[in-house]
Amino acid sequence: QVQLVESGGGLVQPGGSLRLSCAASGSIFRVNAMGWYRQAPGKQRELIASITSGGRTNYADSVKGRSTISRDNAKNTVYLQMNSLEPEDTAVYYCNADVTDSVSYIRKYYWGQGTQVTVSS
């Protein structure tokens, strides 16, 4: 089994910054692409940033220029640095990882439990 554990959410004022972390652990042979999604109340979950195992990144227009996704392959951890936060960024943020299991060698997507980010004065 593989687990993803997120951290770093919280309450921040408009214009502020946050850094989210997500660590993968368990029966991991290889962590392939990793990504961050978010889901605001009453809205669908959306992909906001992704990064391949080689470090190639992609961003949704809603966060482009304000956010940076990065990863530490040695720690199986992905980060999301968010700057210039706006009330519209308020959502539950979820980590997602494409993982090859070390026992079965089956490739599967896993989700973290989510971390709340609230942008408010």
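Look above for the structure.
The sections below set out a description of the structure shown in this document.

The rules we used
Residues numbered from 1 in each chain as written. Predicted model: local features only at pLDDT ≥ 70, side-chain atom pairs only at ≥ 80, totals over all residues. Heavy atoms only, no water. Buried < 20%, exposed > 50% of the residue type's maximum accessible area, 1.4 Å probe, protein only. Helix = DSSP H or I, 4+ residues; strand = E, 2+ residues; numbered from the N terminus. Salt bridge = Lys/Arg side-chain N within 4 Å of Asp/Glu carboxyl O. Pairing = 2+ DSSP bridges. Polar contact = N/O pair within 3.5 Å; in protein donor to acceptor, adjacent residues only side chain to side chain. Contact = heavy atoms within 4.5 Å. Disulfide = S-S within 2.5 Å. Core = buried A, V, L, I, M, F, W, Y, C linked by side-chain atoms within 4.5 Å.

Positioned with a positive phi, Asn76 is a non-glycine residue whose angle comes to about 50°. The partly exposed category is assigned to Asn76, whose relative accessible area is 22%. A positive phi angle, near 60°, is found at Tyr105, a position not held by glycine. Take Tyr105: it is sitting in the loop between strand E9 (91–101) and strand E10 (107–111).

Further remarks concern the pattern of salt bridges. The full count for this structure, using the stated rule, is five salt bridges. With a shortest N-O distance of 2.9 Å, Asp89 and Arg38 are connected by a salt bridge. Here the residue Asp89 occupies a position in the loop between strand E8 (77–82) and E9, and Arg38 occupies one in strand E4 (residues 28–39), the gap between them amounting to 51 residues. The two residues Asp89 and Arg38 agree in class, both being buried. A salt bridge links Lys64 to Asp61, with the nearest nitrogen and oxygen atoms 3.4 Å apart. Via salt bridges that share partners, Arg38, Glu46, Arg66 and Asp89 belong to a single interconnected network.

This brings us to the pairing of strand E11 (residues 115–119). One face of the sheet, then the other: side chains in a regular strand alternate in exactly this way. The side-chain alternation of E11 yields one buried face, formed by Thr115, Val117 and Val119, and one unburied face, formed by Gln116 and Thr118. Where strand E2 (residues 10–12) lies against E11, three bridges are found, and the strand directions are parallel. Directly across from Gly10, in E11, lies its bridge partner Val117. Summarising the sheet, E9 and E11 pair through three bridges and their orientation is antiparallel. Residue pairing across strands places Ala91 opposite Val117, the latter belonging to E11.

Considering the arrangement of structural elements, one finds Thr90 in the loop between E8 and E9. Looking at Thr90, its side chain comes within polar contact range of the main-chain oxygen of Pro87, at 3.0 Å. Once residues lying within four places of it in the same chain are set aside, the contact partners of Thr90 are Ala40, Pro41, Gln116, Val117, Thr118 and Val119.

Attention shifts here to the state of the cysteines. Evaluation of the coordinates by the stated rule reveals one disulfide. Each disulfide pairs two cysteine sulfurs, and for Cys22 the partner residue is Cys95, the sulfurs being separated by 2.1 Å. Between Cys22 and Cys95, the disulfide has an S-S torsion of -80° and is therefore left-handed. Of this pair, Cys22 sits in strand E3 (residues 18–26) while Cys95 sits in strand E9, and the two are 73 residues apart along the sequence. The pair Cys22 / Cys95 is uniform in exposure class, with both members buried.

Right, let's get into the nonpolar core. Judged by nonpolar contacts, the single largest core of 30 residues is most densely connected at Trp36, Ile69, Val78, Leu80, Met82 and Tyr93. Among the elements of the structure, strand E1 (2–7), E3, E4, strand E5 (46–51), E8, E9 and E11 are those that each provide at least two residues to this core. It is E9 that contributes the most residues to this core, five residues altogether. Dropping the residues within four chain positions of it, Leu80 is found in contact with Leu18, Arg19, Leu20, Trp36, Ile48, Ala49, Ser67, Thr68, Ile69 and Tyr93.

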